[in-house]
Amino acid sequence: MSEVAVTGEREALRTNMAALRGTQILLRRTSLSCRLIPRRNRVKTKWAATFPSFPATSLALQNFDMSYGEQLGALWPSARISMLCEQKYGALLNNFSETTGQVSDLQMKGAQDFVLCGISTPGSVPRSDRAEADQAEDVLKFSPGIQCFVFPKSDTSRFRPARPDSSGVLGYYLLDAASILPVLALDVQEGHSVLDLCAAPGGKTLALLQTHAIKKLTVNDLSDSRLKRLRRMLQDYIPREIWSENRVDITSCDGRTWGEMGRSTFDRVLVDVPCTTDRHSVLEEENNIFKRSRTKERQRLPLLQTQLLVAGIEAARPGGVVVYSTCTLSQLQNECVVEQALRVAQEELDIGVQVVDVGPLSHIFSTTFCFAPDRRLGALVVPHLTANFGPTYFCKLQRVH
């Protein structure tokens with residue numbers, strides 16, 4: 001081997017040895033730096049900052065499995081899957097906008113007005129031993145002027161965001177179509193005064209205004225932040241002249257005090273109470289009432305709901321109608337609250353209240369929604385994969401004296 005080749009090999013060997021020593025030094029320094037930071041601190045700090053030990057959504061689902069599994073029986077597995085899937089929406093048509101183009105556009109996409117379809121479907125009116133005229137009158141007594149478009153069962157198409165018309169008013173409002181049912185049951189008629197006791201975020205308030213029948217609408221919610229959302233929504237959907245006529249009065253009071261503030265005042269009262277909001281509780285960690293820090297708040301819900309309903313009954317005039325509604329499947333927050341409120345109204349306030357049958361109303365809309373059978377009081381929309389609306393419960397009451 002030539003002297004030049006030997007010299008080249010020696011230089012390559014020196015280079016490789018130097019690189020090896022550098023790698024060894026780097027490994028020692030890295031090992032030292034790792035030993036300086038205890039493993040428990042590195043791991044636990046990161047875990048605690050990103051993931052709760054047991055998510056509120058899991059607590060909610062565990063709670064529902066125990067209570068609703070027994071309550072709903074064979075309906076629960078389907079409802080459970082549906083609540084964990086993407087919710088289906090309806091488009092509440094805004095009668096204050098230029099609706100002609102909006103209606104044709106929605107119909108071209110395959111959506112239908114479920115209110116009109118329910119009324120016009122042959123055989124939708126159930127028959128009984130009563131006279132046909134009396135039956136038809138009972139079924140068709142609900143708030144007029146409300147149009148809500150939905151896609152047919154098993155159609156998972158989604159609505160596009162609404163576009164403003166030439167005056168800047170949006171054409172429709174996207175919401176759970178089942179939330180329209182309590183407003184329909186309220187049976188608002190021309191010249192009525194109406195109280196929306198727990199109004200925010202405002203979907204039902206907007207539906208009430210679509211009737212064009214309300215003489216005075218009082219909108220109340222205790223939360224200032226939620227009322228701001230409601231105001232913004234109304235500004236996007238209601239023309240300024242409606243505000244200038246002072247037809248809408250927005251208040252921020254504890255709803256439980258309305259029985260004293262406006263006793264025997266309103267023709268119609270909607271009591272859409274705070275509840276466990278089942279679908280939100282199994283999907284979202286933010287503002288989840290099943291967080292361990294909110295356990296007492298959740299346990300107090302039935303008492304709060306009863307107090308709000310009693311206040312709504314007090315606020316209604318004799319002969320007036322009250323509709324109680326929630327977005328939960330819980331019997332404790334639905335039928336039990338209604339029964340307790342009726343007892344309090346009768347025994348402590350000497351107010352007579354009778355329950356109005358909403359069976360005919362749920363019957364004519366059974367092609368759009370999945371209703372739970374055999375409810376003691378009111379009606380319950382159960383989520384179903386082919387009609388993934390709800391949950392929504394509503395019960396109609398009439399103050400007798």
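Reading the values: rules and limits
- Residues numbered from 1 in each chain as written.
- Predicted model: local features only at pLDDT ≥ 70, side-chain atom pairs only at ≥ 80, totals over all residues.
- Heavy atoms only, no water.
- Helix = DSSP H or I, 4+ residues; strand = E, 2+ residues; numbered from the N terminus.
- Buried < 20%, exposed > 50% of the residue type's maximum accessible area, 1.4 Å probe, protein only.
- Areas by Shrake-Rupley, 256 points an atom, 1.4 Å probe, with all protein chains shown as cover.
- Axes fitted to C-alpha atoms, helices over the stretch in contact; angles between N-to-C directions.
- Parallel < 35°, antiparallel > 145°, perpendicular 65-115°, else oblique.
- Left-handed = near helix turned anticlockwise from the far one by under 90°.
- Contact = heavy atoms within 4.5 Å.
- Nonpolar A, V, L, I, M, F, W, Y, C, P; charged D, E, K, R; others polar.
- Expected span 1.5 Å × (residues − 1).
- Phe/Tyr/Trp six-rings, centres within 6.5 Å; stacked < 30°, edge-to-face > 60°.
- Pairing = 2+ DSSP bridges.
- Core = buried A, V, L, I, M, F, W, Y, C linked by side-chain atoms within 4.5 Å.
- Salt bridge = Lys/Arg side-chain N within 4 Å of Asp/Glu carboxyl O.
- Arc of directions from axis to C-beta.

Moving on: the overall build of the protein. What the protein contains, in helices and strands, is 17 helices and 12 strands. Looking at the protein residue by residue over its 401 residues, the buried ones come to 46%. As displayed, the protein offers around 20,800 Å² of accessible surface, 53% of which is attributable to carbon and sulfur atoms.

With that settled, consider the packing of helix H15 (residues 301–315) against helix H16 (residues 335–347). Direction vectors running N to C along H15 and H16 enclose 50°, while the axes themselves pass 9 Å from each other. Taken together, the axis directions place H15 and H16 in an arrangement best described as oblique. Here H15 and H16 pass one another in a crossing that is right-handed. Residues Pro302, Gln305, Thr306, Leu309, Val310 and Ile313 of H15 lie in contact with H16, whose contacting residues are Val337, Val338, Gln340, Ala341, Val344 and Ala345. Broken down by class, the residue content of the contact of H15 with H16 amounts to nine nonpolar, three polar and no charged.

Our focus in this paragraph is H16. What sets the pattern is the α-helix's 3.6 residues per turn: residues three or four places apart point alike. The end-to-end C-alpha distance of H16 is 18 Å, a good match for the 18 Å that 13 residues give at a rise of 1.5 Å each. Within H16 the residues assigned to the buried category are Glu335, Val337, Val338, Ala341, Leu342, Val344 and Ala345. Where the residues of H16 are buried, they touch H15, strand S9 (316–326), strand S10 (353–356) and strand S12 (392–399).

It is worth spelling out the packing of aromatic side chains at this point. One pass over the full model with this rule turns up 13 aromatic pairs. Measuring from centroid to centroid gives 5.5 Å for Tyr173 and Tyr237, while their planes differ by 80°, and the two rings are edge-to-face. With Tyr173 in strand S4 (residues 172–175) and Tyr237 in helix H10 (residues 224–237), this residue pair connects regions lying 64 residues apart in the sequence. A relative accessible area of 8% means that Tyr237 is categorised as buried. For the ring pair Phe369 and Phe371, a centre distance of 6.2 Å and an interplane angle of 80° mean the geometry is edge-to-face. On the basis of relative accessibility, which here comes to 2%, the residue Phe369 falls in the buried class.

So, about the sheet that holds strand S3 (residues 148–150). Pairing is antiparallel in the open sheet, where four strands are placed in the order S2-S3-S1-S4. In this open sheet, the two strands that pair with only one neighbour each are strand S2 (112–113) and S4. Strand direction decides the pairing type here: strand S1 (residues 90–93) and S4, joined by four bridges, are antiparallel. Bridged to Ala91 within S4 is Leu174. Here helix H5 (residues 99–108) sits on the sheet and contacts S1, S3 and S4; the angle it forms with S1, its principal contact strand, is near 160°.

Attention now goes to the environment of Cys336. Residue placement: Cys336 occurs in helix H16. Along the sequence, Cys336 and Pro302 sit 34 residues apart, while their C-alpha atoms lie 8.3 Å from each other. Non-local contacts of Cys336, meaning those with residues more than four positions away in its chain, are made with Gln331 and Arg376.

So, on to the nonpolar core. Ranked by internal contacts, the top residues of the largest apolar core, which has 54 residues, are Phe114, Phe365 and Phe369. What Phe114 contacts, discounting residues up to four positions off in sequence, is Cys148, Val150, Ala177, Ile180, Leu181, Leu184, Phe365, Thr368 and Phe369. Ranked by size, the runner-up nonpolar core spans 45 residues in total, among them Leu61, Ala79, Leu195 and Ala345.

What follows deals with the pattern of salt bridges. Per the counting criterion, the structure on display carries 12 salt bridges. Among the ionic pairs, Glu297 bridges to Arg294, the shortest N-O distance being 2.9 Å. Take Glu297: its relative accessible area is 35%, and that puts it in the partly exposed class.

This part covers unusual backbone geometry. Backbone torsion omega between Ala200 and Pro201 reads 5°, so that peptide bond is classified as cis. Structurally, Pro201 can be placed in the loop between strand S5 (192–196) and helix H9 (203–209). A cis amide bond, omega 5°, links Gly390 with the succeeding residue Pro391. Within the fold, Pro391 resides in the loop between strand S11 (379–381) and S12. Not every positive phi belongs to a glycine, and Asp187 is a case in point at roughly 60°. Under the relative-accessibility criterion, Asp187 is labelled buried at 5%. Even without glycine at this site, Asp350 takes up a positive phi of about 55°.

In S1, alternate side chains face the same way, and those of Gly90 and Leu92 on one face and Ala91 and Leu93 on the other are all buried. Relative to S3, S1 is paired through two bridges, and the arrangement is antiparallel. Bridging across to S3, Leu92 finds its partner in Cys148.

A word on H5. Residues Gln102, Val103 and Leu106 constitute the buried set of H5. When H5 is viewed along its axis, its buried side chains cluster within an angular range of 95° and face the same direction. Facing away from the buried side of H5, by more than 90 degrees, are the exposed residues Thr100 and Met108. For H5, the elements touching its buried residues are S1, S3 and S4. After H5 finishes, the residue Gly110 shows a positive phi value of roughly 100°.

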